Amino acid sequence: MTGVPDPHDPPRVMSTQHPDNATVPFFTEGEVIEGEEEVREAYYAYSHLGCDEQMWDFEGKEGDEYAVKKLLSRFDDHFADERLGAENRLTLRGPNPDLEKSEAKILLEILESIPRSYDAAEAFYQSLQSVDGREDHETVAPIHEVIVPMVTSASQINAVHDYYEEFVVGKADRSIGGRTVADWVGHFRPDEVAVIPLIEDREYLLNADEILRGYLQGRDRDAQRVFLARSDPALNYGSLAADLVNKVSLRRLYHAAADLDVELYPILGAGPAPFRGGLAPDTVDRVLDTYPEVETFTVQSGFKYDHPPQDVQAAIERLRTAERDRSAPDIDESLLLEVADRVAERYSEQVSEVAPIVNRLAEYVPRRRDRKLHVGLFGYSREVGEIELPRAITYTASLYSIGFPPTLMGLAGLEDADWTVVDDCLPRFHDLLADAARYYNPRSLSMLPLDEEEVRPGLDRVDVDPDPDHRAATDDVIDALDTGGDVRSGVVRAARCRQFLG
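These numbers were taken from a predicted model, which means no experiment stands behind them.

### A word on a negative patch on the surface
Item 1. The grouping of Asp220, Asp222, Asp261 and Glu263 at the surface amounts to a negative patch.
Item 2. Its location among the elements puts Asp222 in the loop between α8 (208–216) and β8 (223–229).

### Digging into the pairing of strand β2 (residues 53–57)
Item 1. For β2, a buried count of five out of five residues is recorded, marking the element as mostly surrounded by other parts of the structure.
Item 2. Of the two faces of β2, the one carrying Glu53, Met55 and Asp57 and the one carrying Gln54 and Trp56 are both buried.
Item 3. Sheet topology note: the strand β1 (residues 13–15)/β2 ladder contains two bridges and is parallel. Opposite Ser15, over in β2, you have Gln54 as the bridge partner.
Item 4. For the crossover that starts at β1, traverses helix α1 (residues 36–49) and ends in the parallel β2, the hand is right-handed.
Item 5. Where β2 and strand β3 (residues 89–93) come together, five bridges link them in parallel fashion. The residue bridging Met55 from the neighbouring strand is Thr91, located in β3.

### With respect to the nonpolar core
Looking at soluble globular proteins, one finds that nonpolar side chains tend to be buried together.
Item 1. By size, the foremost hydrophobic cluster in this structure holds 138 residues, and its most contacted members are Val354, Tyr395, Ile402 and Phe404.
Item 2. Here the element with the most residues in this core is helix α14 (residues 333–361); it accounts for 13 residues.
Item 3. If near-sequence neighbours (up to four positions away) are discounted, Tyr395 is found in contact with Leu235, Phe275, Tyr347, Val351, Val354, Val358, Leu389, Pro390, Pro406 and Met409.
Item 4. Membership of the second largest hydrophobic core comes to eight residues, among which are Ile147, Leu198, Phe227 and Ala229.

Cut-off values and rules
Residues numbered from 1 in each chain as written. Predicted model: local features only at pLDDT ≥ 70, side-chain atom pairs only at ≥ 80, totals over all residues. Heavy atoms only, no water. Patch = residues over 30% accessible without salt bridge, like charges linked within 9 Å, V, L, I, M, F, W, Y side chains within 5 Å. Areas by Shrake-Rupley, 256 points an atom, 1.4 Å probe, with all protein chains shown as cover. Salt bridge = Lys/Arg side-chain N within 4 Å of Asp/Glu carboxyl O. Lys, Arg positive; Asp, Glu negative; His and termini not counted. Charge placed at Lys NZ, Arg CZ, Asp CG, Glu CD. Helix = DSSP H or I, 4+ residues; strand = E, 2+ residues; numbered from the N terminus. Buried < 20%, exposed > 50% of the residue type's maximum accessible area, 1.4 Å probe, protein only. Pairing = 2+ DSSP bridges. Right-handed = clockwise from strand over helix to strand, strands pointing away. Core = buried A, V, L, I, M, F, W, Y, C linked by side-chain atoms within 4.5 Å. Contact = heavy atoms within 4.5 Å.

Here it is as structure tokens:
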């Protein structure tokens, strides 16, 4: 593959553009990170925080197709030594045409931009070579991987892979005006792109091994990355169920990779809120203990901007240098799935009860990214059964804003013996549960048609002191909802107390 680095040297820390930060970063002029600020953000993630990968997102938001050229031209000193595409990865995420019809052609535009980005990098590194003659300025493809979200079948990722080869690179040899397209506009590099499936739904997480087989069948690849979601499974089935399903998915993926004789490099999409995975600077060791078989962890906006920079840097260094167990988890799949089903069943009953207050509070949750509104034709709202909800970050922020951590939901469905299964599979789950429970406000039940017995099973498992500042902020939100007062200021204050938005 032309100009592509060794696939056996994958990144460990992927900076993402998830809008879950309570605090606005220093490089942003307003409350929303957008446009040129995302270029500065990527540089900051590489150069100051120590991330070795940045996800460049076109799914549900505008993305800059000239990011490579802007990064190299504005921060040339950094990228002279840390090559874009090698030491610093830039990985695109586009829409899934099978599920996002209104934005389907954006994916094709992204694929067409990859050779142009290569040309920009080649010009940059050739100019450096001409100045100092350093061989380590050899050009690598600045973009050589594409993430496809909400994957449900191998055909969806095969289509992306094959389209790039046949219609982007493949047009180079076509004749136009008595010459080839390559003679006219230059070569198209890299020769191919690797496609990373992002799998988000329970059914397909449990079928991820077959998706992997369907993609790698007949391809000459010896390494593959697979992206497992953590937020959307929690939104759909409950937080505990999301972890249990992911552990089963990882086990099946590793067995499939062994059969295919490829190295598997899993990515885990965990956010800082316990409900969304609980990966924050002060919980890195817990997440590493829970997922030792994961290669790459996402550090989302709350991780990066709601903590002191020195703590963020140290946590990222810990993620980058932690020893990884590249083997299938030793678990009993059937036991885990039985527990996950019981959690999901009770969670589904509870989510229908909390949906009205979630949708009422969602309008007060501040936007932190320039993302498309999740309404109508361009809708991104998620449905759990027949209940329509905002996406996971807003959902989580809404419930936390009245002091109701959604991690507590679904646990009332567990039987006594199930807790032993949880302890064996997720030995640090009680620590995650404690992180959630300290932000519980008993007054939240006055806003929700739930009995205390629905949350007591989780609360009784931990012994924590409530956060008094968060309790006061959520009291103010509850009071403001009753009186028509200023809800938003309480929402923001509570988010800053817990150091994540949602």
